[in-house]
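This is what each chain is made of:
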Amino acid sequence: MFNYNIKIVENLIEVLVNKKLRHLTYLSSDAVYKDSKGLITEDSPCEPDSLHGLMHLTREKIFENYFPNNLCILRPTLVYGKEDPHNGYGPNSFLKIANKNQNIQLFGKGEERRDHINIDDVGRISSKLILNSFVGKINIVTGKVITFYKIAKTIQKNINPNIKIEFRKRSGPMPHNGYRAFDNKKISRIFKNFKFKTIENWASDE
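Note that the structure is a prediction, hence the values are computed from the model and not measured. (Residues numbered from 1 in each chain as written. Predicted model: local features only at pLDDT ≥ 70, side-chain atom pairs only at ≥ 80, totals over all residues. Heavy atoms only, no water.)

Draft legend 1. Spotlight on the overall build of the protein chain. In terms of helices and strands, the protein chain carries 7 helices and 10 strands. In terms of overall size, the protein chain behaves like a compact globule, its C-alpha atoms giving a radius of gyration of 18 Å where 206 residues would be expected to give roughly 17 Å. Expressed along its principal axes, the backbone C-alpha trace of the protein chain runs to roughly 60 × 40 × 30 Å. Each of the 206 residues in the protein chain was classed as buried or not, and the buried ones make up 43%. Across the protein chain, the fraction of contacts at a sequence separation of at least 24, relative to all contacts at a separation of at least 6, is 82%. As displayed, the protein chain has an accessible area near 11,900 Å², and 51% of this comes from carbon and sulfur atoms. Taking the average place of the 33 positive charges on the side chains of the protein chain and the average place of its 22 negative ones, the gap between the two points comes to 2 Å. (Helix = DSSP H or I, 4+ residues; strand = E, 2+ residues; numbered from the N terminus. Rg over C-alpha atoms; globule rule 2.2 N^0.38 Å. Buried < 20%, exposed > 50% of the residue type's maximum accessible area, 1.4 Å probe, protein only. Contact = heavy atoms within 4.5 Å. Areas by Shrake-Rupley, 256 points an atom, 1.4 Å probe, with all protein chains shown as cover. Lys, Arg positive; Asp, Glu negative; His and termini not counted. Charge placed at Lys NZ, Arg CZ, Asp CG, Glu CD.)

Next up, the structure:
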């Protein structure tokens with residue numbers, strides 16, 4: 001599967017390399033970064049601990065090799081939003097579970113702290129960067145962390161107060177040691193006064 005994903009990029013490069021591209025944007029992932037007890041920035045070490053992160057980092061390197069002067073690399077953190085097909089653990093799956101009148105089950109106490117960004121904000125930021133031909137790397141993050149327990153409580157409060165929040169014993173260590181936070185100074189400098197949608201606001205609109 002890893003080789004297949006790299007082959008996709010190689011085929012794309014073969015098509016694009018002889019084109020006169022003004023600008024190219026690659027949507028990567030925050031999974032390229034090494035875990036850290038401090039805030040992660042665009043200059044933090046890229047040492048992924050998963051094939052997913054390694055795949056994205058490899059693609060980034062390939063694109064950088066061919067398009068060093070007109071490449072934009074976007075690294076969003078955990079993305080959530082209405083009708084998300086991924087159904088990842090967190091806002092997306094919690095919302096679907098609540099709408100089915102089922103209880104939300106958390107790993108451990110749901111104490112992991114992670115940054116989550118709404119898909120609408122990802123779209124707004126990405127569009128503006130593309131329209132302005134931004135070159136460089138930028139993390140699409142809110143700069144704030146929230147526990148999965150608080151997310152579950154927010155969904156329960158706004159979507160279905162009748163459901164319960166249940167806790168499951170962990171079968172392994174917490175991903176990323178339970179903490180993965182980002183410094184969003186770079187994105188804040190580019191998008192002054194940008195208002196990120198919070199999970200509370202999102203849930204209350206559903």
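Having put the structure on the table, let's press on.
Draft legend 2. Fine view of the sheet that holds strand 7 (residues 136-140). If you trace the 3 strands from one edge of the open sheet to the other, you get 1-2-7, paired in parallel fashion. Across the chains shown, the open sheet's two edge strands, defined by having one partner strand only, are strand 1 (24-27) and strand 7. Across the sheet, the axes of successive neighbouring strands diverge by a mean angle of 20°, strand direction being ignored. Of the strands in this sheet, strand 1, strand 2 (71-76) and strand 7 are in contact with helix 2 (residues 51-66), which crosses strand 1 at around 170°. Each of strand 1, strand 2 and strand 7 touches helix 4 (residues 119-131); the most contacted strand, strand 7, lies at about 165° to it. (Pairing = 2+ DSSP bridges. Axes fitted to C-alpha atoms, helices over the stretch in contact; angles between N-to-C directions.)

Draft legend 3. Highlighting the sheet that holds strand 5 (residues 113-114). Taken in spatial order, the 3 strands line up as 8-5-10 in an open sheet, and their pairing is mixed. Strands with a single pairing partner mark the edges of an open sheet, and in this sheet they are strand 8 (146-147) and strand 10 (179-180). In terms of strand pairing, strand 5 meets strand 10 through 2 bridges, oriented parallel. The partner of R113 across the bridge, within strand 10, is Y179.

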